[in-house]
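# Descriptive analysis of the structure
Chain by chain, the residues:
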Amino acid sequence: MTTAALPSRRFLSETSLLVGRSFRMIPRVPERLLDVTLQPIVFTLLFLYVFGSAIHIPGVRYQDYLLPGLLGQQLAFGIIGAGVATATDFHTGVIDRFRSLPVKRLAVITAQVVAQVLEQVLGMTIVIVLGLALGWRPTFGVGGFFELVALVLLGLIAFTWFGVLLGMMVRSTDAMQGLGFSIVFPLSFLAGTFVPIAGMALVPRVIGEWDPISALVAAVRHVSQGTDAHGSWQLEHPVVAMVAWCALIIGVTVPLALRRFSRM
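Figured I'd write up the structure that's included with this text. All of these numbers come straight from a predicted model, not from anything done at the bench.

Reading the values: the criteria
- Residues numbered from 1 in each chain as written.
- Predicted model: local features only at pLDDT ≥ 70, side-chain atom pairs only at ≥ 80, totals over all residues.
- Heavy atoms only, no water.
- 1 Å grid on protein atoms, 1.4 Å probe; cavity = no way out; pocket = protein on both sides within 12 Å on 5 of 7 lines; lining within 4 Å.
- Points joined across faces, edges and corners; volume = space filled by probe spheres on them.
- Helix = DSSP H or I, 4+ residues; strand = E, 2+ residues; numbered from the N terminus.
- Salt bridge = Lys/Arg side-chain N within 4 Å of Asp/Glu carboxyl O.
- Buried < 20%, exposed > 50% of the residue type's maximum accessible area, 1.4 Å probe, protein only.
- Expected span 1.5 Å × (residues − 1).
- Contact = heavy atoms within 4.5 Å.
- Core = buried A, V, L, I, M, F, W, Y, C linked by side-chain atoms within 4.5 Å.
- Patch = residues over 30% accessible without salt bridge, like charges linked within 9 Å, V, L, I, M, F, W, Y side chains within 5 Å.
- Areas by Shrake-Rupley, 256 points an atom, 1.4 Å probe, with all protein chains shown as cover.
- Axes fitted to C-alpha atoms, helices over the stretch in contact; angles between N-to-C directions.
- Parallel < 35°, antiparallel > 145°, perpendicular 65-115°, else oblique.
- Left-handed = near helix turned anticlockwise from the far one by under 90°.
- Phe/Tyr/Trp six-rings, centres within 6.5 Å; stacked < 30°, edge-to-face > 60°.
- Lys NZ or Arg CZ within 6 Å of the ring centre and 35° of its normal.
- Nonpolar A, V, L, I, M, F, W, Y, C, P; charged D, E, K, R; others polar.

## Quick word on empty space enclosed by the protein
The tally for this structure, following the rule as stated, stands at 1 cavity of 30 Å³ or more. In this structure, the largest cavity occupies an estimated 110 Å³ of space. Around the largest cavity sit 15 residues that line it, and Asp89, Ile95, Val108, Ile109 and Gln112 are the ones nearest its centre. Counting residues per element, the ones that place at least two in the lining of the largest cavity are helix 1 (5–24), helix 3 (62–91), helix 4 (94–99), helix 5 (105–133) and helix 6 (142–169). Among the elements that line the lining of the largest cavity, the one with the most residues is helix 5, at 4 residues.

This is the structure:
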């Protein structure tokens, strides 16, 4: 084994051990999974049967319109889960304990991201299974399925890094929850998740057309249902726009998060 391979092997080993530590905490604190288990179920049932009884979108069943939107929303809500988990570790002394150990700092923050991505995958799976049970009928083929999986993973990675950065900047988990909902919830409602953006008034329509979550929702809807949105450039090219937004978020948040972690 080469000398260069030894640090890489150590980094992977430490990262996997720390990811395992995150999952070993779940039986002790099972409520930490509520945001990726119970919350998606409540949102799906609530919005489908409340909004679905009052909203009629020409040319598409509401299940086929709503469920791709909820997948995009679930991606964005990864910000809150990752931020709360990070803030909890920082403010309960867990990270200080890791600093006293001979563990690479990059492994600590990478393990946080990986663990949160895996938890969010559970939430996405619940939304998909529940949606299929409630009548969602995606139209993609094999290629579309793998394209959707790739987009979902890219979105999870980008928004998880954003959440980790926010979690290191706030002073408490309560502050993270408040800040996260203040950012994600309004943007998800303006993103065409539940109703078409084209029918909104001028100001919310303009915000919705350039909302980053709009790109997520439109991309998931385009890949899974083959439907197209009209308005801004990003709505007409949703997959490209989503990839661009995710690349921008990763490119900005990763170095900032690493810098913040090294200075704290």
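## Here we look at the pattern of salt bridges
Counted by the stated rule, this structure contains 1 salt bridge. In this structure, Arg61 engages Asp64 in a salt bridge whose closest nitrogen and oxygen atoms are separated by 3.2 Å. Given the relative accessible area of 38%, Arg61 is considered partly exposed.

## Things to note about helix 7 (residues 173–190)
Spanning 18 residues, helix 7 covers 26 Å between terminal C-alpha atoms, matching the ideal 26 Å at 1.5 Å per step. Among the residues of helix 7, Met176, Gly180, Val184 and Ser188 are the ones counted as buried. Of the surrounding secondary structure, the elements contacted by the buried residues of helix 7 are helix 3, helix 6 and helix 9 (212–225). Phi for Gly192, located one or two positions after helix 7, is positive at around 75°.

## So, the nonpolar core
Among the nonpolar cores identified, the biggest contains 66 residues, and Tyr62, Leu66 and Met242 are the most heavily contacted of them. Among the elements that make up this core, the one with the highest residue count is helix 3 (15 residues). Those residues in contact with Leu66 that sit more than four places away from it in its chain are Thr44, Phe47, Leu48, Thr193 and Phe194.

## With respect to a nonpolar patch on the surface
A cluster of nonpolar residues, Leu202, Val203, Val206, Ile207, Trp210, Trp233 and Val240, forms a patch on the protein surface that exposes about 710 Å² of accessible area. At 5 residues, the largest contribution of residues to the nonpolar patch is made by helix 8 (residues 202–210). Within the secondary structure, Val203 sits in helix 8. The class of Val203 is exposed, set by a relative accessible area of 57%.

## A closer look at the packing of helix 3 against helix 9
Axis separation between helix 3 and helix 9 bottoms out at 8 Å; the angle between their running directions is 135°. Viewed along their axes, helix 3 and helix 9 adopt a mutual orientation that is oblique. The two elements helix 3 and helix 9 meet at a crossing, and its hand is right-handed. Here Asp64, Tyr65, Pro68, Gly69, Leu71, Gly72, Gln73, Leu75 and Ala76 of helix 3 come into contact with helix 9, specifically with Ile213, Leu216, Val217, Val220, Arg221, Ser224 and Gln225.

## Notes on the environment of Tyr62
As for its position among the elements, Tyr62 is in helix 3. Look at Tyr62 and you get buried, because its relative accessible area is 7%. Sequence separation between Tyr62 and Val184 is 122 residues; the distance between their C-alpha atoms is 22 Å.

## Concerning the packing of aromatic side chains
Under the counting rule described, the total for this entry stands at 13 aromatic pairs. Consider the rings of Phe189 and Phe194, whose centres lie 4.8 Å apart with planes at 45°: the pair is tilted. The rings of Phe43, Phe47, Phe77, Phe181, Phe185, Phe189 and Phe194 are connected pair by pair, giving a single aromatic cluster. Sitting over the ring of Tyr65, Arg221 keeps its end group 3.7 Å from the ring centre.

## So, the packing of helix 2 (residues 38–51) against helix 5
Where helix 2 contacts helix 5, the axes come no closer than 9 Å and their chain directions differ by 30°. On the basis of their axis angle, the class for helix 2 and helix 5 is roughly parallel. At the point where helix 2 passes helix 5, the crossing takes the right-handed sense. For the pair helix 2 and helix 5, contact is made by Pro40, Ile41 and Thr44 and by Gly123, Ile126, Val127 and Leu130, respectively. A per-class count over the contact of helix 2 with helix 5 returns 5 nonpolar, 2 polar and no charged.

Bear in mind that shape data such as this cannot, by itself, settle questions of function.
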